[in-house]
Amino acid sequence: MKNYRIAASLTAPTVSRMWMDGLKALRQEADILELRLDCLEKAQTETDSFEILIKNGFPNTPLILTNRHKDEANPNDSFQGFKSVDGDYEKQRIALLQKAVSLRAYNPFTTDYVDIERRHFHELNLNPEKTRLIVSWHDFVETPKYEQLVDEYNLITIMNPDVVKVATMVNSNKDVRNILNLIRNYHNQVPLIAIGMGELGIETRTKGPKLGSYLTYGCVNNGKIASPGQISIRTIRDAWKN
């Protein structure tokens, strides 16, 4: 299937469950694992098990480390983004993300990724040979006009990411066409992940990589989805066979 990539989104609240879900995703032929740190219970991120998960839990599989800001979480979903107990929200959120990046740097076998939102961007201490930067933008309400999608893509590229990610809610077939056209016209510049959320956006999740999208996201079968309209790894693989 050429170089099409599937990233499995892992959203478990405990380290042990996230590790088990990751192993299941790999058995289903996920290429990359997205660790949603914001879904972990706060106490879990302060354990030795958390450090082991990041360093050695998946030694030969690239990881995407994500700690989603509460303002970029789906307002209609149980995943409400990173939760701080008290104090400086952003300081705590970025500190956890940086901690995970630094822990993963001990693993010499893969090149990994860190996802940070354009609207809540912070410089991270990254080794560019070890960790690639994804800068993302989400709209859980609508997909803007094509020209606005292009503007958003260009705005993100100013931040010098390795990969641009755009994820928007799809409300019409025209929205699907706009997302697919963005991929078709811009994937050869800065690598692009473009996803249409919601039931009408499923087509973008299977067709996007065929047009040049850097990867698509899937969930473990019977697992909880990380965004509206997300489909299973196996469903994506089956679609690519046709």
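Bear in mind the structure is a predicted one, so any value in this text is a computation, not a measurement.

Colleague: Tell me about the pattern of salt bridges, residues and numbers included.
Modeller: With the rule as written, the count across this model stands at 14 salt bridges. Note that K42 and E46 form a salt bridge whose closest N and O atoms lie 3.5 Å from each other. The partner of E203 in a salt bridge is K207, and the shortest N-O contact between them spans 2.8 Å. One end of the pair, E203, and the other, K207, are both in helix α6 (residues 202–211), 4 residues apart, so they sit about a helical turn from each other. You can call K207 partly exposed: its relative accessible area is 40%.

Colleague: Explain the sheet that holds strand β5 (residues 131–139) residue by residue, including any values.
Modeller: Taken together, 8 strands build an open sheet; the order of strands is β7-β6-β5-β4-β3-β2-β1-β8 and the sheet is parallel. Each having just a single partner strand, β7 (192–197) and β8 (216–218) make up the two edges of the open sheet. Averaged over neighbouring strand pairs, the angle between their axes works out to 25° when direction is ignored. Running over the sheet, helix α4 (residues 146–157) touches β5, β6 (163–169) and β7 and is turned about 145° from β6.

Colleague: Outline helix α5 (residues 173–186), supporting the account with residue identities and numerical values.
Modeller: Its 14 residues give α5 an end-to-end C-alpha distance of 20 Å, which sits within 8% of 20 Å, the value for a rise of 1.5 Å per residue. Inspection of α5 places D175, V176, N178, I179, L180, L182, I183 and Y186 among the buried residues, and these make up the whole buried set. Summarising the contacts, the buried residues of α5 are in contact with α4, β6, β7 and α6.

Colleague: Go over the packing of aromatic side chains, please, and point to the residues and values.
Modeller: The relation between two aromatic rings is expressed through the spacing of the ring centres and the mutual angle of the planes. Evaluated as defined, the whole model comprises 3 aromatic pairs. Ring plane angle 55° and centroid distance 5.1 Å describe the contact between Y153 and Y186, whose orientation is recorded as tilted. Of the two residues, Y153 sits in helix α4 while Y186 sits in helix α5, which places them 33 residues apart along the sequence. No difference in accessibility class separates Y153 from Y186, as the two residues are buried. Over the face of the ring belonging to Y214 we find R5, whose NZ or CZ atom lies 4.2 Å from the ring centre.

Each value, and the rule that gives it
- Residues numbered from 1 in each chain as written.
- Predicted model: local features only at pLDDT ≥ 70, side-chain atom pairs only at ≥ 80, totals over all residues.
- Heavy atoms only, no water.
- Salt bridge = Lys/Arg side-chain N within 4 Å of Asp/Glu carboxyl O.
- Helix = DSSP H or I, 4+ residues; strand = E, 2+ residues; numbered from the N terminus.
- Buried < 20%, exposed > 50% of the residue type's maximum accessible area, 1.4 Å probe, protein only.
- Pairing = 2+ DSSP bridges.
- Axes fitted to C-alpha atoms, helices over the stretch in contact; angles between N-to-C directions.
- Contact = heavy atoms within 4.5 Å.
- Expected span 1.5 Å × (residues − 1).
- Phe/Tyr/Trp six-rings, centres within 6.5 Å; stacked < 30°, edge-to-face > 60°.
- Lys NZ or Arg CZ within 6 Å of the ring centre and 35° of its normal.

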